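These are the residues of each chain, in order.
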Amino acid sequence: MKEIDFTDLDKRKKLYDGANGNKISIIYNNEQYMLKFPPTAKINKNMNYSNSCFSEYIGCKIYESLKIPVQKTILGTYKVKGKNKIVVACKDFTKHGVVLQDFASLKNQMIDSERNGYGTELFDILNTIDEQNVVNREELLDRFWDMFVVDAFIGNWDRHNGNWGFLYDSRTDSMEIAPVYDCGSSLFPQADELIMKEILTNDNELMYRVFEIPTSAIMLNGKKIKYFDFIVSIQDENCNRAIRRITPKINMEDIKSIVFSTPYINDLQKKFYYTILSERKSRILDFTLRKLKSI
Ligand SMILES: Nc1ncnc2c1ncn2[C@@H]1O[C@H](COP(=O)(O)OP(=O)(O)OP(=O)(O)O)[C@@H](O)[C@H]1O
Ligand SMILES: [Mg+2]
């Protein structure tokens, strides 16, 4: 892959929100991109910056390989005070007259409810999907569960209601589901080399990261969902359908080539990502699919 230096490209005045790192707007190949800079590692004090740019890139490439609409991502560098930082460029999917509106805003539109737009209780999310009439209900429900399953696979703990949404076209007053964005909180972005080595050599540490953490941003009865417990319980028929839909589409050879062709990361990091993904695929998704087929 060609290494891209984004430093001297034209900038735009567009601003982006979000709590995980600085962002600027640039033009690359005549297209607008949001450049995400690595945020400081708030939890792991031994690390200066988190690996979330790689999580974003690999997470989005995995969505792409499953043919789920997702933002285009490119890894590159950007010089800050003479030092090169590795950044991820996310192609801006808005355009003139078309803006992104998040799921939280849709939830706010439910005027007869007390629900707070950013509340992530599963029941309220599903109710909002059911009651809204801005996009096709089945399509939205399927997208929600597809994302839930892929997020379980990539270990994403931050699919809050601001991290998925819709594209609103003010010229035609129409709405469609936006491509997936913000996968920066998957694949343990605050694991440093020491932690990666520990996880790769100690099975208990690895299994903890398959069965227990990360939890989902979505809650059941006030508690964050544990992906394994929820998916394996086969309690939600729409989640089961997503498992049947998505699991057979995941080709671990494709996943391997995504991880192993990711630029800027070393062999340890590649092995770490691939191991996490293989274990989560086989112990959460494959296991549940077998269970579903056996009943
Ligand atoms: N590809 C995109 N095109 C247009 N707008 C985008 C795109 N990706 C993200 N955005 C907008 O930019 C905001 C910040 O991006 P993003 O969610 O990736 O940042 P973050 O700091 O990781 O967020 P969080 O606070 O959820 O961790 C999003 O909430 C969304 O409004
Ligand atoms: Mg976000």
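For the structure given in this document, a descriptive report is provided here. All figures in this text were calculated on a predicted structure; none of them were measured in a lab. (Residues numbered from 1 in each chain as written. Chains lettered and ligands numbered in written order. Predicted model: local features only at pLDDT ≥ 70, side-chain atom pairs only at ≥ 80, totals over all residues. Heavy atoms only, no water.)

## Here's the deal with the site of ligand 1
- Around ligand 1 sit 20 residues, and of these A19, N20, K23, K36 and H160 come closest.
- Here an oxygen atom of ligand 1 sits 2.7 Å away from a polar atom, N or O, in the side chain of N20.
- D158 is positioned with one of its side-chain polar atoms (N or O) 3.4 Å from an oxygen atom of ligand 1.
- When ligand 1 is considered free in solution it has 620 Å² of accessible area, and contact with the protein chains removes 91% of it.
- Looking at the shell around ligand 1 residue by residue, the class counts come to 6 nonpolar, 7 polar and 7 charged. (Near = heavy atom within 4 Å. Polar contact = N/O pair within 3.5 Å; in protein donor to acceptor, adjacent residues only side chain to side chain. Areas by Shrake-Rupley, 256 points an atom, 1.4 Å probe, with all protein chains shown as cover. Nonpolar A, V, L, I, M, F, W, Y, C, P; charged D, E, K, R; others polar.)

## Re the nonpolar core
- Formed by 73 residues in total, the largest nonpolar core has its most connected members in I62, Y63, W145, F148, F153 and L277.
- Broken down by element, the residue count for this core peaks at 11 residues, all from helix α4 (residues 137-154).
- Setting aside its immediate chain neighbours within four residues, F148 contacts S216, I218, I225, Y227, F230, I231 and C239.
- In this structure, F6, I26, L35 and Y78 belong to the second largest nonpolar core, which totals 11 residues. (Core = buried A, V, L, I, M, F, W, Y, C linked by side-chain atoms within 4.5 Å. Buried < 20%, exposed > 50% of the residue type's maximum accessible area, 1.4 Å probe, protein only. Helix = DSSP H or I, 4+ residues; strand = E, 2+ residues; numbered from the N terminus. Contact = heavy atoms within 4.5 Å.)

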